[in-house]
Each structure stands twice: as structure tokens, then as C-alpha cells.
Amino acid sequence: REDILDTVEALLDPAAAPLGESAEARRSRVAAAARALLSELSRQRPLVTVIEDLHWADSSSFETFAALFLSPDEAAGPLFLLTTMRPGESSEADDLLGEGIVSQVILEELDPGDRQQLIIECLGDRAGDANLAGEIEHRAGGNPFYIHELAQAAQELDLSAFAAIPDSVRGVLASRVDRLPSQ
């Protein structure tokens, strides 16, 4: 177990990399260390690994995930991977769905009645503004996260600033980050 921790520590320290090591060799070492660490942890007790927004992972991360979860170490204990992703945004993530050992749960849009209820709950004091509620529903559709973020922005901004927010979840979040104090 100490050798696994030493390997992980060395991976985090670029100065510890072998002289002249290729990028491919480093990726292989990272994957082997991650595999060894997760295998060891899963032998001690069942292990759940959570990766959010898998569609944003790079190619080498997908290679590592595939090595870890699609062909797990025979000596590993129970190992479960839970991810969130947006289908269609990454061919590698979509390929993972086709491996046969993956179960997919698709979150459907909220129906119109549930949308309205969520908008009212999220808007608080501004829930009576039918134009604002309609704009949020128009932009967000049935996406509850987007509804929540737009309602949060509506509470923080005046109407003209709210109207200038880009029409995407990423745009709403970027706008919120831009409004954070510099410290």
C-alpha cells in the first residue's frame, strides 16, 4: 500500500518524473497508479467513484477510465462508477454508453406544471412577475438546474442586466462568476 501512495505522490510532483519520460509513458504510469489505488481501496470496502460532467474529460482521462472500469483488476473488490454527462457532447463519453456494462438514466424535462412551481419557489419575492417567470421558462425549458440558475440571476440583477445574460447554462454560470468579488 505504501508503494501505491508513493507512486501517486510522485505523479503529483513533476520533478519526480523519470528523466526523458514520454507523455505516453507518463499516462501509462498515471493509469497504473490510479488502477492500483482504486483496486486497493475496493479490496478494503466497496468503493463508489463519482465523476461529474464526464463529457468534459480529455482523451487520456477516458483511456484511464476505460482501463479502470471496463477491464477492472481481477483482484479488485466491488467498484462502482457513477457519472453525469450530457449525451452528444463527447463522442468518447457516448462510446462509453455503448460498452454494455453501463446503465443509463435519462433525466427528462420537467412538465409545464412542475416548471411553473419550481420557478415560483426559486423566484421568491419576484414570483409575481409573470413576464420574468415567462422569460425563465422560455429560456430554461424543463431543465431544473437552468431554471434555478436563471431565477438566482433574476434575484441578483435588474431586468436589463438579466436580459443580457447569454442563453445557455454555461453563460448564466459564467455571468455569475463574473459578478463575484475579486477575492
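Above this text is the structure in question.
Reading the values: rules and limits
Residues numbered from 1 in each chain as written. Predicted model: local features only at pLDDT ≥ 70, side-chain atom pairs only at ≥ 80, totals over all residues. Heavy atoms only, no water. Core = buried A, V, L, I, M, F, W, Y, C linked by side-chain atoms within 4.5 Å. Buried < 20%, exposed > 50% of the residue type's maximum accessible area, 1.4 Å probe, protein only. Helix = DSSP H or I, 4+ residues; strand = E, 2+ residues; numbered from the N terminus. Contact = heavy atoms within 4.5 Å. Salt bridge = Lys/Arg side-chain N within 4 Å of Asp/Glu carboxyl O. Expected span 1.5 Å × (residues − 1).

J.: With reference to specific residues and values, describe the nonpolar core.
T.: Counting residues in hydrophobic clusters, the biggest one holds 19 residues, and the most contacted among them are Leu123, Ile136, Leu150 and Phe162. Mapped by element, the contributors of at least two residues to this core are helix 5 (112-123), helix 6 (130-140), helix 7 (144-156) and helix 9 (169-179). It is helix 7 that provides the largest number of residues to this core, a total of 6 residues. Each residue touching Leu123, except ones within four places of it in the same chain, is listed here: Leu132, Ala133, Ile136, Ala151, Ala154 and Gln155. Ile51, Leu54, Phe65 and Ala93 belong to the second-largest nonpolar core, a separate cluster that totals 5 residues.

J.: Give me the pattern of salt bridges: which residues, what numbers.
T.: Two side chains carrying opposite charge are able to pair once their charged atoms lie near each other. Applying the stated criterion across every chain yields a total of 8 salt bridges. The salt bridge partner of Glu135 is Arg139, with a shortest N-O separation of 2.9 Å. With Glu135 and Arg139 both in helix 6, this residue pair falls 4 residues apart, about one helical turn. A salt bridge links Arg139 to Asp167, with the shortest nitrogen-to-oxygen separation between them at 3.2 Å. Of this pair, Arg139 sits in helix 6 while Asp167 sits in the loop between helix 8 (159-163) and helix 9; the two residues are 28 residues apart in sequence, bridging distant segments of the chain. Exposure remark for Arg139: the relative accessible area of 13% places this residue in the buried category. Given a relative accessible area of 61%, Asp167 falls into the exposed group. In the salt-bridge network here, residues are joined through shared partners; they are Glu149, Glu156, Arg176 and Arg179.

J.: An account of helix 2 (residues 23-44) is requested, with residue identities and associated values reported.
T.: Taking 1.5 Å of rise per residue, the 22 residues of helix 2 would be expected to cover 32 Å, and the 32 Å separating its terminal C-alpha atoms lies within 8% of that figure. Taken together, the buried positions of helix 2 are occupied by Ala31, Ala33, Leu38, Ser39, Glu40 and Ser42.

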